[in-house]
Amino acid sequence: MISASDFRNGVTFEMDGKVMQVVEFQHVKPGKGAAFVRTKMKNIITGGVTETSFNPTAKFEQAFVERKDMEYSYNDGDLYYFMDMETYDMLPISKDLLGDSFKFVKENMSCKVMSYKGSVFGVEPPNFVDLEVTETDPGFKGDTATNVTKPAILETGAEIKVPLFINPGDKIKIDTRTGEYLERCKA
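Residues numbered from 1 in each chain as written. Predicted model: local features only at pLDDT ≥ 70, side-chain atom pairs only at ≥ 80, totals over all residues. Heavy atoms only, no water.

### Observations concerning the pattern of salt bridges
If you walk through the whole model with that rule in mind, you get six salt bridges. In this structure, Lys68 and Asp84 form a salt bridge, with 2.7 Å as the shortest nitrogen-oxygen distance. With Lys68 in strand 7 (residues 65–76) and Asp84 in strand 8 (residues 79–84), this pair connects stretches of sequence that are 16 residues apart. Here Arg184 makes a salt bridge to Asp170, at a shortest N to O gap of 3.5 Å. With Arg184 in strand 16 (residues 180–184) and Asp170 in the loop between strand 14 (159–163) and strand 15 (171–175), this residue pair connects regions lying 14 residues apart in the sequence. For Arg184, a relative accessible area of 36% translates into the label partly exposed. (Salt bridge = Lys/Arg side-chain N within 4 Å of Asp/Glu carboxyl O. Helix = DSSP H or I, 4+ residues; strand = E, 2+ residues; numbered from the N terminus. Buried < 20%, exposed > 50% of the residue type's maximum accessible area, 1.4 Å probe, protein only.)

Have a look at this one:
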């Protein structure tokens, strides 16, 4: 059990049958009246964010979310197979649990598979990945206008915006959380 007065950023707990994670918290002690804990929390399964105030003595069941490193192996239709690196067991995960950022993951890449009480609810790709550009318009010498971008298709099939100097065959670093180009990788 965990009380609302013990809330810290990142703490996970169960509330009304849902698994919540504290995003922000603030202990408030007004001059008049009882103290309370103002909390911004995220439902880690659906991703919805809510704000609520709790009595500091309110008790909740602590939730332990398991994050396990697994390697993406292959997909077969709507099932994506991940391999446990310790036991070499294959775990099939449905396409709808993967999320948008999975479009930057290629085979044999390590991801964090998140589960609660044995049921998988999400897959977290690495924050940064290096991928090769397969298609984009060629850059032109002297075309160095700042902040001008063009569309590029990556080896995973994902499409992002890249600076004009990027050419097909270049390896680039991408932030999977935002889907943005970061830099060209050194050869």
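The discussion continues.
### Here's the deal with the nonpolar core
Most often, soluble globular proteins have nonpolar side chains that are buried together. Grouped together as the largest cluster of nonpolar side chains are 25 residues, with contacts concentrated most on Phe82, Phe102, Leu154 and Ile172. Ranked by residue count, the leading element in this core is strand 12 (residues 128–136), at three residues. Those residues in contact with Phe102, other than ones at most four positions away along the chain, are Tyr72, Tyr80, Phe82, Cys111 and Val123. Judged by nonpolar contacts, the second largest core, of 12 residues, contains Ala4, Val11, Phe13 and Phe60. (Core = buried A, V, L, I, M, F, W, Y, C linked by side-chain atoms within 4.5 Å. Contact = heavy atoms within 4.5 Å.)

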